There are 2 protein chains.
Amino acid sequence: MKIAEMHVTPIAITDPPLLNAAGLHAPYALRTIVELVTDDNIYGLGEVPGSVATTNALEAARAVVVGQDPFQLNAIQAGLERHFGPEAAGARGEAPWDKRRTVHVFSAIEVACFDIMGKVTGRPVCDLLGGRARDRVDFSAYLFYKYEGAGGALGFATDPNATGWAKARQAAALDPDGVVAEAQAMCDEFGFKSIKLKGGVMPPDEEAAAMLALQKAFGPGTPLRLDPNAIWSVETGIRIGKQLEGVLEYYEDPVRGQEAMAQVGQAVNIPLATNMCTTSFDNIPGSVRLHSEDIILSDHHFWGGLRASVELARICRTFGRGLSMHSNSHVGISLAAMAHLAAATPNLTYACDTHYPWQSEEVLAGGRLPFDDGALVVANEPGLGIELDRAALETLHQQYLDSGLTERNDEVEMQKVQSGWKFMATRW
Amino acid sequence: MKIAEMHVTPIAITDPPLLNAAGLHAPYALRTIVELVTDDNIYGLGEVPGSVATTNALEAARAVVVGQDPFQLNAIQAGLERHFGPEAAGARGEAPWDKRRTVHVFSAIEVACFDIMGKVTGRPVCDLLGGRARDRVDFSAYLFYKYEGAGGALGFATDPNATGWAKARQAAALDPDGVVAEAQAMCDEFGFKSIKLKGGVMPPDEEAAAMLALQKAFGPGTPLRLDPNAIWSVETGIRIGKQLEGVLEYYEDPVRGQEAMAQVGQAVNIPLATNMCTTSFDNIPGSVRLHSEDIILSDHHFWGGLRASVELARICRTFGRGLSMHSNSHVGISLAAMAHLAAATPNLTYACDTHYPWQSEEVLAGGRLPFDDGALVVANEPGLGIELDRAALETLHQQYLDSGLTERNDEVEMQKVQSGWKFMATRW
C-alpha cells in the first residue's frame, strides 16, 4: 500500500470577533486540510492551522509523502526533516498560536496516515495508540472576551434569526457579567464542566474579577482556568495569582518564558500550566531544571503528531507533570484527532481545550460533531471515524479564496477597530 | 476480537558456564513463554526471564488478560496494575539481572498482543511502532569470562563432536588470550562489529588488559565495551576508566548507583552506559539531575514493553542521552521483539546486546534466527514474523522440569565451584 495522492486544501471558517493578547480574531479562521489517498483508494484526513506558508510547505511535502507506505511514519518524518532542513522549522513566536512549520506539516500528514491505518486495519485511531483509557473525552468551556458580532460575512453584525448558542455567541462579552453570561450559555448548550477564560485582554484586575464572578456563578467546586497568554509581568502574575488562589484549577501562562513562569510558580499556590513556554521536546530540559510549570498543554499540531504527544505524556508522567490539551480554532478533523489522542492517554486527566463551539461550519459528512454532557464520545469506527463532505470542503475553500486572508494576524485585525493598537510581549 | 486463552510455559535452555559479577550461570537459563490465543484462533508470543515467581505472576495475570481485546494495551496494563498492586512490583535488586515482576509480566503480554495485532493487520510489529527506521539491526559480540564446558547436561564437560562456534564456545576464557580467542570465534561466526565484555569477574586490571588485548587484536576503530556490573568502587572505576580512554566505545555500569556513576562520568572521558542505575521511568529524574550516564541500555522486558521503550527513546533524545539495548539469555521470541523495537527506534544507534550466540536451543519453527554480517534482518511478515515449534517448546519445558531450577541464582552456582563464594555489591 502506497500513498498515491496528496490533496492540500486551505479553508476559511467563520470566526466571531474574539479578543486575545495578540489582538482580535479575523472574521475567518484559516485551516489547511490534508487528504492522503492510497493506491487502493483509501483516504485519510489531517488538519492544521492555516496560512499560505503552511499550505506551501504542505505542497512541498508532497514530493516526500507520495509513494510512501502510510505505516512508515519514521521514514516519512525523516524524509520531511531532510527535505525541509532545520532552518525551515520556524520558531514558535510570541503570539498565542504556534508558527513552527515542519511540525505542523508532519502533524497533518501523520494524522492522515493514522486515519488510513485505522481504516485499513478496521480499528479506531485510539486503538493504534495503545487503546482507549477512556470512552469519553471531557472538554472545557473556552471563554473569550469578545465584541458583539457573528464574524464571517456578518463581521461585527449579528444574525437576527440565530437561536440558542448561535444567538448567544454573537453577544459582546467585555466585563464580568458578559463573561458569566457567555459561560452560562456555552455550558447550557454543551454541558462543559470546566471553564477557561482567555485573558490578556482586559486590565488584570478586571480579569481576576471575571474569574471571581465565574466562581460565584458556577460554585466553588467548578474547575476554572485563566490564560493571560504570557503578557503579564512577573509582579502582575504573582499579584493576580495570589488573588485567585483557591479559585483557579490552573493558571495558564501568566508570564513569558520558563524563568518567569518558575518565579510565579514559586510565589503562587496554584498549579501553573503552559502551552507557550514549554512547547517542544527541546524545551523539556529547561522545564525540568526550572520547574517552569506543573501542567503541560499538549497539542499534536505543534508537538509533532499523535505519537509524539503520547511520548510527551510519558515525559509528564515521568517528571510528575500534569497534562491537559490546547486548541486553536478548528473543524472536526482536528477535534476527532484530539479525541482519539486523549482517549489513548491515561494521564490526560484535565478537560481539554477546544474552540469548536465558536465555529459553525464543518467539512465532515453529517456535520458538526456533537458534545454529550461536555464530552466527546470517542468513535469506534475505523480510523478517525469521520468522512469528508467534499462539497462543504469546496465551499470553505472558496470562502478562503474570497476572504483574502493569507495568515493569522490578530494585530492587524485589532487595528481595524483600535487604530495604532500594538501587540506587546509584556503589557501589564 | 478477544483473547480467549493464555498459555504460560516455563522453559530451560542450555547455557554454558559463563561468569559474571553475581557468580556463574547455571547449566540452564530459565525463560517463560507466553502464548495468547484469540477467539478466532490467532496466537501471539511473548518471552521473559524465567522464575517460579514470574510464572506464577503470569498465571495470576490470566484473570485480567483473558477476555480482553489485544489492541487495548492501556486497559490491560491498568488492569494488571490494579490486580497486582504496587507492592507486587518487586525491586530491581543488586544482581546484573532485573527482578521486577509486574513489568516483566506486562512486557510478555504486550509483546504477545503486538504479535497478534501484527498478524491481524498483516503488518510486522515494527510497523505498529511507527515503522522501520532501519531494515537491519546490528548486534554486538557479547563476550564472557567462562569456564570450559558446554552447559546443560554436559555441565563443565564438552561435546567432542561440536564444530565451528559450537565447539569454540565450549572453551575456557579466563585471561586476555582466552577472551580474544572467544571474540574471534564469535565474530567469525556471526559477523559482529562491536564487542562487549561482561566484566566484574576478574581483578579490574586483568579486565582492562583484556580490553587492550581486544583492541590490539581487532584494531583501534573497533567499538569495545566493558561492563563490570557495578561492583567496582568509584576509585577503581575512575582508575580503570582512565586506562581505557580512547579504547572503549562506552563504559557500562562500572560502579553502583546514580551518584557513583556521575562521579566516574565526571572524571573519565568515556561515555558511561547503564542498565543498572537507570532502569525505570522512576529513575529518570535522578538520571537527569545527576547526569549519571550518557547512554541508557533499554530492555523492553524491564522498561514495561515495546511502547514504553519507544517512549524511553524519546526521553533519551530529549535529554541528549544515547540509547543501546540490553539482553539476558533468551530464545528467538525476545530476539524478534528486540529487533522490531530496534528497527522502529530512530535513535537506537548502537549495536544491541544479545546472549543469543551462547544458546543453542530454540522454540521457533525453522530453528534459530540467523545473523547476517552481525545484523538481524527485520522480518516483513505479519507480527513478530515467527512461528512456534510446539514440540520444541514441550521439550524445553520438560528440560525445565528436569532441571530442578526455580530461579536464577548465580551465587549458588558459583559456590558449587568455589565453596563459600559470596556476591559482593562492591568487590574491588
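Remember, predicted model here, so these are calculated numbers, not experimental data.

S.K.: Describe the pattern of salt bridges, and please don't skip the residues or the numbers.
M.R.: Enumeration according to the criterion identifies 42 salt bridges over all chains in this entry. We note a salt bridge from Glu47 of chain A to Arg31 of chain A, for which the minimum N-O separation is 2.6 Å. Of this pair, Glu47 of chain A sits in strand 5 (residues 43-49) while Arg31 of chain A sits in strand 4 (residues 28-38), placing them 16 residues apart in sequence. With respect to class, Glu47 of chain A is no different from Arg31 of chain A; both count as buried. With a shortest N-O distance of 2.7 Å, Lys196 of chain B and Asp353 of chain B are connected by a salt bridge.

S.K.: Got a sec to walk through the packing of aromatic side chains? Specific residues and values, please.
M.R.: Across all of its chains, the model carries 27 aromatic pairs over all chains by this definition. Relative to Phe319 of chain B, the ring of Phe319 of chain A has its centre 5.4 Å away and its plane inclined at 40 degrees; by these criteria the two rings are tilted. One end of the pair, Phe319 of chain A, is in the loop between helix 11 (306-318) and strand 13 (322-325); the other, Phe319 of chain B, is in the loop between helix 11 (306-318) and strand 13 (322-325), on a second chain. This pair shows no difference in class: Phe319 of chain A is buried, exactly as Phe319 of chain B is. Ring geometry for Phe190 of chain B versus Phe192 of chain B: centroids 5.4 Å apart, planes at 20 degrees, classification stacked.

S.K.: Tell me about the nonpolar core, and please be specific about residues and values.
M.R.: Among the nonpolar cores identified, the biggest contains 250 residues, and Leu36, Leu80 and Ile109 of chain A together with Leu36, Leu80 and Ile109 of chain B are the most heavily contacted of them. With sequence-adjacent residues up to four places away left out, Ile109 of chain B is seen in contact with Met6, Leu36, Leu58, Ala61, Val65, Ile76 and Leu80 of chain B.

S.K.: Talk me through the relation of the copies chain B and chain A; I want residue IDs and the actual numbers.
M.R.: After a rotation of 180 degrees and a shift along the axis of 0.0 Å, chain B superposes on chain A with an RMSD of 0.0 Å. Look at the turn and shift together and you get a two-fold axis relating the two. Mapped onto chain A, 100% of the interface residues of chain B again fall at the interface, so both copies present the same surface.

S.K.: Lay out the packing of helix 6 (residues 204-218) of chain B against helix 7 (residues 234-243) of chain B in plain terms, naming residues and giving numbers.
M.R.: Residues and elements named next belong to chain B. Axis separation between helix 6 and helix 7 bottoms out at 10 Å; the angle between their running directions is 25 degrees. The orientation of helix 6 with respect to helix 7, classified from their angle, is roughly parallel. Seen along the crossing, helix 6 lies across helix 7 with a hand that is right-handed. Of helix 7, the residues touching helix 6 (which contributes Pro204, Asp205 and Ala208) are Thr236, Arg239, Ile240 and Gln243.

S.K.: Residues and numbers for the sheet that holds strand 4 of chain A, please.
M.R.: All names here are of chain A. Across the sheet, which stays open at both edges, the 3 strands sit in the order 1-4-5 with antiparallel pairing between neighbours. Both edges of this open sheet fall to strand 1 (3-14) and strand 5, since each of them pairs with a single strand only. Between one strand and the next, the sheet's axes are offset by a mean angle of 20 degrees, whatever the strand orientation. In the sheet, strand 4 pairs with strand 5 via 7 bridges, with the strands oriented antiparallel. Bridging across to strand 5, Val34 finds its partner in Gly46. The strands touched by helix 3 (residues 101-121) are strand 1, strand 4 and strand 5; relative to strand 5, the strand with the most contacts, the crossing angle is about 155 degrees.

Conventions used here
- Residues numbered from 1 in each chain as written.
- Chains lettered and ligands numbered in written order.
- Predicted model: local features only at pLDDT ≥ 70, side-chain atom pairs only at ≥ 80, totals over all residues.
- Heavy atoms only, no water.
- Salt bridge = Lys/Arg side-chain N within 4 Å of Asp/Glu carboxyl O.
- Helix = DSSP H or I, 4+ residues; strand = E, 2+ residues; numbered from the N terminus.
- Buried < 20%, exposed > 50% of the residue type's maximum accessible area, 1.4 Å probe, protein only.
- Phe/Tyr/Trp six-rings, centres within 6.5 Å; stacked < 30°, edge-to-face > 60°.
- Core = buried A, V, L, I, M, F, W, Y, C linked by side-chain atoms within 4.5 Å.
- Contact = heavy atoms within 4.5 Å.
- Least-squares fit on C-alpha atoms with pLDDT ≥ 70 in both.
- Axes fitted to C-alpha atoms, helices over the stretch in contact; angles between N-to-C directions.
- Parallel < 35°, antiparallel > 145°, perpendicular 65-115°, else oblique.
- Left-handed = near helix turned anticlockwise from the far one by under 90°.
- Pairing = 2+ DSSP bridges.

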